[in-house]
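# Reading the structure
Residue strings, one per chain:
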Amino acid sequence: MPKINKYVDIDTVEGEAKKDLIDRHSPFITVEGDAKKGEMLAVNVKMGQEYTHPDDFDHYIESITLFDGDTKLAMATFVPGTLGNEKSHAEVTFNIRPMKSKLNLVAHGYCTKHGIWESTPVEVTVVD
């Protein structure tokens, strides 16, 4: 089983290089709008907040996966060069349809050099 790296608040980390490494590899979840049972909900996942990630042929974000607890909801894969071989934020919006009263969203991003990185969980209350 591969190691899963977890996000650490970079304000608590010393050293610019370490902050850069943690931030650019961490997925950040944003839920757009209110979650209503049975209606589409836009969930945005962006790799990195303050620091951008390389998009080189040997070092890039290969995938972003969204989970509700242990259930895989969606996955996006990228090929090297998708972002124009520029440092950038890999980002995707997943449209999901919640069917229960609560979502426990977690995202994983996979870097081809630095492995799997997990977001901070986001709990979403779903209304009827």
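Residues numbered from 1 in each chain as written. Predicted model: local features only at pLDDT ≥ 70, side-chain atom pairs only at ≥ 80, totals over all residues. Heavy atoms only, no water.

For clarity, the threshold we go by: UniProt positions are given in the numbering used here, feature names are shortened, and annotations may be inferred rather than shown by experiment.
With an unreviewed UniProt entry as reference, the chain is termed Dethiobiotin synthase, source organism Sulfurovum lithotrophicum. Per UniProt, the comment on the chain under Sequence similarities (unreviewed entry) is "Belongs to the desulfoferrodoxin family."

## Some details on empty space enclosed by the protein
As a reminder, the rule being used: Only protein atoms enter the 1 Å grid used here, on which a cavity is any set of points holding a 1.4 Å probe that cannot leave and a pocket is any open set flanked by protein within 12 Å on both sides along at least five of seven lines; residues with an atom within 4 Å of a point are listed as lining. Grid points are joined across faces, edges and corners, and a volume is the space filled by probe spheres set on the points. Classification used: nonpolar for Ala, Val, Leu, Ile, Met, Phe, Trp, Tyr, Cys and Pro, charged for Asp, Glu, Lys and Arg, polar for all others including Gly.
All chains considered together, the criterion is met by one cavity of 30 Å³ or more. Approximately 70 Å³ is the volume found for the largest cavity. Lining the largest cavity are His-53, Pro-54, Asp-55, Tyr-60, Ile-61, Phe-78, Val-79, Thr-82, Leu-83, Ser-88 and Ala-90. Looking at the lining of the largest cavity residue by residue, the class counts come to seven nonpolar, three polar and one charged.

## Overview of the packing of aromatic side chains
Under the convention used in this document: For this analysis, a ring pair means two rings from Phe, Tyr or Trp (six-membered ring only for Trp) whose centres lie within 6.5 Å, classed as stacked if their planes differ by under 30 degrees, edge-to-face if by over 60, and tilted for the remaining angles. In this description a helix means any DSSP run of H or I spanning at least four residues, a strand means any run of E spanning at least two, and both kinds are numbered starting from the N terminus. Buried residues are those whose accessible area, probed at 1.4 Å on protein chains only, stays under 20% of the maximum for their type, while exposed residues exceed 50% and partly exposed ones sit between those limits.
By the definition in use, this model includes one aromatic pair. With a centroid separation of 5.1 Å and an interplanar angle of 75°, the aromatic rings of Tyr-7 and Phe-28 are classed as edge-to-face. Note that Tyr-7 is positioned in the loop between β1 (4-6) and α1 (16-25) and Phe-28 in strand β2 (residues 27-32), a separation of 21 residues in sequence. For Tyr-7, a relative accessible area of 21% translates into the label partly exposed.

## Focus: the sheet that holds strand β3 (residues 41-47)
Heads up, the rule is: Whether two strands pair comes down to DSSP finding at least two bridges between them. The axes are straight lines fitted to the C-alpha atoms, using for helices just the contacting stretch, and the angles between their N-to-C directions are given from 0 to 180°.
With respect to topology, three strands assemble into an open sheet ordered β2-β3-β6, the strand pairing being antiparallel. Only two strands of the sheet have a single neighbouring strand rather than two, namely β2 and β6 (91-96). On average, each strand axis in the sheet is inclined to that of its neighbour by 20°, with strand direction left out of account.

## A few points about the UniProt feature "domain: Desulfoferrodoxin ferrous iron-binding" (unreviewed entry) in the chain
Under the present numbering, the feature "domain: Desulfoferrodoxin ferrous iron-binding" (unreviewed entry) in UniProt falls on residues 22-119. End C-alpha atoms of residues 22-119 are separated by 11 Å, and the span's content is 4% helix alongside 49% strand.

## As for the pattern of salt bridges
As a reminder of what qualifies: In the sections that follow, a salt bridge refers to a side-chain nitrogen of Lys or Arg positioned within 4 Å of a carboxyl oxygen of Asp or Glu.
What the rule picks out here adds up to five salt bridges. A salt bridge links Glu-118 to Lys-6, with the shortest nitrogen-to-oxygen separation between them at 3.1 Å. Of this pair, Glu-118 sits in strand β8 (residues 115-118) while Lys-6 sits in strand β1; the two residues are 112 residues apart in sequence, bridging distant segments of the chain. For Glu-118, a relative accessible area of 12% corresponds to the buried category. As a salt-bridge pair, Lys-100 and Asp-68 come within 2.9 Å of each other at their nearest N and O atoms. Of this pair, Lys-100 sits in the loop between β6 and β7 (102-111) while Asp-68 sits in strand β4 (residues 61-68), and the two are 32 residues apart along the sequence.

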